[in-house]
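Residue-level listing of the chains:
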2 protein chains.
Amino acid sequence: MSTAALPRAQHDKLANAIRTLAMDAVEKAKSGHPGMPMGTADIATVLFSRFLKFDAANPTWPDRDRFVLSAGHGSMLVYALLYLTGAPEMTLDEIKNFRQLGSKTPGHPENFITKGVETTTGPLGQGIATAVGMALAEKMLAAEFGKKAVDHYTYVIASDGDLMEGISQEAIAMAGHWKLNKLIVLFDDNDISIDGPLSIADSVDQVKRFQAAGWRAERVDGHDPEAIAAAIERAQKSGKPSLIACKTVIGYGAPKKAGTSKAHGEPLGADELKAAKEKLGISPEPFSIAPDVLDAWRKIGARGAAARKTWESLFGTLPPKKQAEFNRRLAHERPAKLAKALAAHKKALIANPQHIATRKSSELAIEAIVPAMPEFLAGSADLTGSNNTKAKSAVAFSAKTPKGRYIHYGIREHGMAAAMNGIALHGGFAPNGATFLVFTDYCRPAMRLSALMGTGVVYVMTHDSIGLGEDGPTHQPVEHVAALRAMPNMRVFRPCDAIEVAECWELALNRTDGPTTLALTRQNLPQLRTEVKANRSAAGAYELMKAEGGKAQVTLFATGSEVEVAVGARKLLADKGIVARVVSVPSLDLFLEQSAEIRETVIGDAPVKVAIEAGVRMGWDAVIGNDGIFVGMTGFGASAPYKELYKHFGITPEATAEAVLARIG
Amino acid sequence: MSTAALPRAQHDKLANAIRTLAMDAVEKAKSGHPGMPMGTADIATVLFSRFLKFDAANPTWPDRDRFVLSAGHGSMLVYALLYLTGAPEMTLDEIKNFRQLGSKTPGHPENFITKGVETTTGPLGQGIATAVGMALAEKMLAAEFGKKAVDHYTYVIASDGDLMEGISQEAIAMAGHWKLNKLIVLFDDNDISIDGPLSIADSVDQVKRFQAAGWRAERVDGHDPEAIAAAIERAQKSGKPSLIACKTVIGYGAPKKAGTSKAHGEPLGADELKAAKEKLGISPEPFSIAPDVLDAWRKIGARGAAARKTWESLFGTLPPKKQAEFNRRLAHERPAKLAKALAAHKKALIANPQHIATRKSSELAIEAIVPAMPEFLAGSADLTGSNNTKAKSAVAFSAKTPKGRYIHYGIREHGMAAAMNGIALHGGFAPNGATFLVFTDYCRPAMRLSALMGTGVVYVMTHDSIGLGEDGPTHQPVEHVAALRAMPNMRVFRPCDAIEVAECWELALNRTDGPTTLALTRQNLPQLRTEVKANRSAAGAYELMKAEGGKAQVTLFATGSEVEVAVGARKLLADKGIVARVVSVPSLDLFLEQSAEIRETVIGDAPVKVAIEAGVRMGWDAVIGNDGIFVGMTGFGASAPYKELYKHFGITPEATAEAVLARIG
């Protein structure tokens, strides 16, 4: 989509409207980043006035172009654009309330606060990597539903900081490899970072770097509307993702601060603001937009209504079943047959118990899910055979096989996580991706955004303890389960057998308001569950084995592979005449969210409480009290066959029983 | 350093000795990665036989070339080289005990287990980024002490996986910018990843990419000794860091598995192993190295003794004071005047209390430290003015100012953290680097290696809570303090005022067996401490304000900015006739490591225990019990001025006192 060029004077007026709102809002808030929106106002004006397919009144229309402000600190750029183009909720009062409690204009763009913001940005590099996921989802969805349903661009404005972050390399390598030709990145190439001129810390030739990753890349004057527009047109026609490095002046228009780091992260100050407005020919009145300028912007905001209607007509020609399926997928609704498929799978497990690693149990669950859930989109960061995430029927996605529904993300855990956020935000797919649990450390900034935004991403994290054995402490998670439980809105499951794995997958796939981590073993585990009447993992914890032969003296809480240890300890204790019950805790965080009544019932009143988990104690005192017995790790692991490690670190039925006996005396 | 070429037949014998040990050790362990050492045996043989300046008998000689196996899964490469060259502790029995408990040959190379291993690798990308820090330290130390003291190369063998990881981009951008010309990366360019041919996930032109980052880069045949040697010679002469992409065949020599992902991560199997040995002309006997081959390798290992002696002579010509200072620095010993400088600083604070943000208090401490501690090497990931890490006297390091002792790392938190590990491992500097606390998520894999290796890196993490205000939830750490406390051997300090900041800096700088995180505020705080007789932060927690007017009914535990809240609550409670004491907890993890006696004394027996921290509760139950009152966060923050946020989230003296009153009834 491209419309005619604006007369230069008109372009300048429109761009300066963005600048005035950015300057004034930051000034009023006494906080924020004026320089970025001032510097990129010309780029944004060209993009929005001539290219971006959007309908301001309908910010969630499925086939809109996606616009991602990766340089999220320049949030006033997007808020100004939303207000100017007439987004329903973005009033001038909201602009005046920039960065205030309860406003639609928080410090960084938050998609869960502000309609029209496609993704939450601010942590640098996340926006561009998330946009790669959006462009990937577009390509896959177009391949499946056709161009009548999906045919849009994904545009990104990115900063030096975005491109310095390592995740940007993972993202651009994926985009180049997948030939995501509808991804266009406009680089705010202003040669300024917070510490001063970019030259004090960087000398990368970005154009050459992007070319090395398979992108089309060129450099233009970021204050020349025609040059920007021509470059976007060339980008649209190329068969590759495109970088347009736009040479800009940060704080464009500010007489003293423009082109310096002074324009970056603080208000201009009254004098400089006044002088900037004079220089730009803007009214000195705060937040003042001339009626003709606002009118012109509002027309731009309404322009896309026609494109939306055209799309609606085209989409309406698709078979009704296809339309319904598309709508279901975009609405993140799960197909009815998913529940049935998982119920049948669980029943089959009861009939034929599986004594296998939970990563293998997960593979069985995936085999059951895939035929029932076409939006299921698995992948791995180059550990497919170890993570067991690829269904036999799954075909790998590639530029040549866009209908493939398995993603080889390469050794790019962080890029994978961010791309999954983009896929989930775009809609149409339920992404899940895998690596070793220890490498959640590499994914963490993007996992946090999953949690903050509430995307329903599933992280399939295998090799979840010292149970991975010989690879040693660099690969053995010890603190990771605790560290993920600490993250608000991140659901962490560590299932103990094939049944719990199926239950946790079910809960994860039906969770659409936040991400889930599945922590799975490398090593084999027995199937402990003998019934599947209800999804017992749904409350986070439940009594797996009750007190027998009297009132419980001991409750053994355990997760994942250590539930087997608890069961073993229970037996050893029984041999000594001590009555113990076992509580399986597939999700400690979910359990702690239950009502006090449920928690008290499950925890029970046995005087000795023991938690067994091959990780650190942190978090368990909430269940067992600070006088409870913890059987787990107190430091890093070691390299050896896993059974030896469990003995070495004292995570065994014997060590557990001993600790209990020592307490009971 | 370069010696004459070996006759090709001799080269092959030496390289095949590496291959046989790698194949046999993995086969015996039934676990490991044979393909990488088999594929890189030729590269390693050229490097060790002709270039690497090392003395096998003296693995810690200061001016040795550093050799980093970034592709740590190929650990048998380095173990084979250590054994063959005659490293004292690396016996054939150790090789035979590959990946077994207590061996010197763990699954991935661990520098704290195996002498001669320069850094712990395995998590991909860490090795190359750590090596950048080593090369940086070399350049800085050479600038300060001269080439008689320091004049060595840093060599890296890196894999596709290392280069796909985002951290590699941060690392190579820094190395290129700093013109680290003595850093030479040999890329094991084998076109294979775990999931299959590299082409399923990657198409980056690595040579072009490195050139874009300011490197010299070329591609050679990785099985042609002369081509490899010639490329290393060209690299040594270039004024830039160098990438030598060596085209190799993974599992070189294995008739069926060579060149496939089957050779990567599992034993070859008896038949393939036998066939490989036949093909390579190696004895079928396991672990068999012909005496002449071992003898040739041992001569290579002894060759560097001459270079070491030459260095000793040259170093001996330096003024004794300079020698002593160099030796002190390399031994990680702190200068005597450091303690004096900090004592004077604390005394000055008592005389002139500072009501400032702890990031500003940290700046004051740094100003006191810098003149007393020449090895103090501060830096920031482009937040210098916000992190307050640059002393007024500090000059920025650059290729042109190698004596500069402040590092502008750019917007590369992860690269910064890994480089600091390399600097610390190299020796000569005490690195500390800064960003916002929330971005520890970006650093986490390298921080974990700091903790695992026990490097004395200091992470200066400012803007440590919702107290950062308007930047909003993407920038507000909520779970990060807990997540860092969960990491074994990571010390986390959250000081409450300028005195505690000075104490925590002192503890951090004197900690040489592990890393420290300092969590510091953006917002101003009162100076609460009124005496500095002892370093009270040293036990992690202490009674700041005792019970007055009776026995304590309440103990208020708090950290950092919330100690002020506790003090305020104590006063409100006193007004209601309730006696409360305040315990400041600058380090919860350090406190929990104290003896039971110390812990019990500090915790005391007041019936109501309250913890106040603007983060999640996780971890606090260990102090306050699971029935304790926690005043803090239960989810993500919001964007607003910080005082409003504290009210909004109920982290105030009033809310605390109310919660106590509700409990006491």
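Residues numbered from 1 in each chain as written. Chains lettered and ligands numbered in written order. Predicted model: local features only at pLDDT ≥ 70, side-chain atom pairs only at ≥ 80, totals over all residues. Heavy atoms only, no water.

The cut-off we apply is this: UniProt positions are given in the numbering used here, feature names are shortened, and annotations may be inferred rather than shown by experiment.
Chain A appears in an unreviewed UniProt entry as Transketolase from Phreatobacter cathodiphilus. For chain A, the Catalytic activity (unreviewed entry) comment in UniProt is given as "D-sedoheptulose 7-phosphate + D-glyceraldehyde 3-phosphate = aldehydo-D-ribose 5-phosphate + D-xylulose 5-phosphate".

1. What about the sheet that holds strand 6 (residues 216-221) of chain A?
Residues and elements named next belong to chain A. What counts, and what does not: In this description, strands pair whenever DSSP reports at least two bridges between them. A run of H or I in DSSP counts as a helix once it spans at least four residues, and a run of E counts as a strand once it spans at least two, with each numbered from the N terminus. The angle between two axes is taken between their N-to-C directions and runs from 0 to 180 degrees, where each axis is a line fitted to C-alpha atoms and a helix contributes only its stretch in contact.
Spatial strand order, 1-2-3-7-6: five strands in an open sheet with parallel pairing. Either end of the sheet is taken by a strand with one partner, and the two such strands are strand 1 (66-69) and strand 6. Across the sheet, the mean angle from the axis of one strand to that of its neighbour is 20°, orientation sign disregarded. Across six bridges, the pairing between strand 6 and strand 7 (residues 242-247) is parallel. Pairing of Arg-219 across the sheet is with Ala-245, part of strand 7.

2. A word on the interface of chain A and chain B
The condition that has to hold: We call two residues in contact whenever any of their non-hydrogen atoms come within 4.5 Å of each other. Here, a salt bridge means any Lys or Arg side-chain nitrogen found within 4 Å of an Asp or Glu carboxyl oxygen. As used in this structure description, the phrase polar contact means that two N or O atoms lie within 3.5 Å; if the pair is within protein, one of them must be able to donate a hydrogen and the other to accept it, and residues adjacent in sequence are counted only when both atoms belong to side chains.
Counting residues at the interface gives 96 residues for chain A, matched by 95 residues for chain B. On the surface where chain A and chain B come into contact, there are eight salt bridges. Among the salt bridges present, the one from B:Asp202 reaches A:Arg412, with a minimum N-O distance of 2.5 Å. Linking chain A to chain B there are 51 residue pairs in polar contact (both at pLDDT 80 or more).

3. Remarks on the nonpolar core
The criterion, for reference: Here, the term nonpolar core denotes a set of buried Ala, Val, Leu, Ile, Met, Phe, Trp, Tyr and Cys residues that are joined through side-chain atoms within 4.5 Å. Exposure categories follow from relative accessible area, calculated using a 1.4 Å probe and restricted to protein chains: below 20% of the type maximum is buried, above 50% is exposed, and the middle band is partly exposed.
Among the nonpolar cores identified, the biggest contains 75 residues, and B:Trp178, B:Leu183, B:Trp215, B:Phe326 and B:Tyr409 are the most heavily contacted of them. With 12 residues, the top contributor of residues to this core is helix 5 (residues 126-145) of chain B. Contacts of B:Tyr409, omitting those with residues within four sequence positions, involve B:Met174, B:Trp178, B:Gly379, B:Ser380, B:Ala381, B:Met416, B:Ala419, B:Met420 and B:Ile423. The next biggest cluster of nonpolar side chains, apart from the first, holds 74 residues, and it includes A:Ala245, A:Phe397, A:Met420 and A:Leu484.

4. Quick notes on the domain arrangement of chain A
The test is simple: All the domain ranges listed were derived from an automatic or database domain assignment.
By the assigned domains, chain A splits into domain 1 (12-311), domain 2 (336-526) and domain 3 (538-664). The C-alpha centroid of domain 3 of chain A is placed 52 Å from the C-alpha centroid of domain 1 of chain A.

5. Some remarks on the side chain of A:Thr248
Residues and elements named next belong to chain A. Following the sequence through the fold, Thr-248 ends up in the loop between strand 7 and helix 10 (270-280). A residue is classified by how much of its surface remains accessible, and Thr-248, at 7% relative accessible area, is buried. Apart from residues lying up to four places away in sequence, Thr-248 is in contact with Gly-39, Ile-43, Asp-188, Asp-189, Asn-190, Gly-222 and His-223.

6. Regarding the packing of helix 14 (residues 358-369) of chain B against helix 19 (residues 498-509) of chain B
All names here are of chain B. Rules: Comment on the angle field: the value is read as roughly parallel under 35 degrees, roughly antiparallel over 145, roughly perpendicular from 65 to 115, and oblique elsewhere. Should the near helix be turned anticlockwise from the far one by less than a right angle, the crossing is left-handed, and should it be turned clockwise, the crossing is right-handed. Put simply, Ala, Val, Leu, Ile, Met, Phe, Trp, Tyr, Cys and Pro go in the nonpolar bin, Asp, Glu, Lys and Arg in the charged bin, and everything else, Gly too, in the polar bin.
In the contact formed by helix 14 and helix 19, the axes pass within 9 Å of each other and the chain directions differ by 55°. It follows that helix 14 is oblique to helix 19 by the angle criterion. As for the relative orientation of helix 14 and helix 19, their crossing is right-handed in sense. On helix 19, the residues touching Thr-358, Ser-361, Ser-362, Ala-365, Ile-366 and Ile-369 of helix 14 are Ala-498, Val-501, Trp-505 and Leu-509. Partitioning the contact of helix 14 with helix 19 into residue classes produces seven nonpolar, three polar and no charged.

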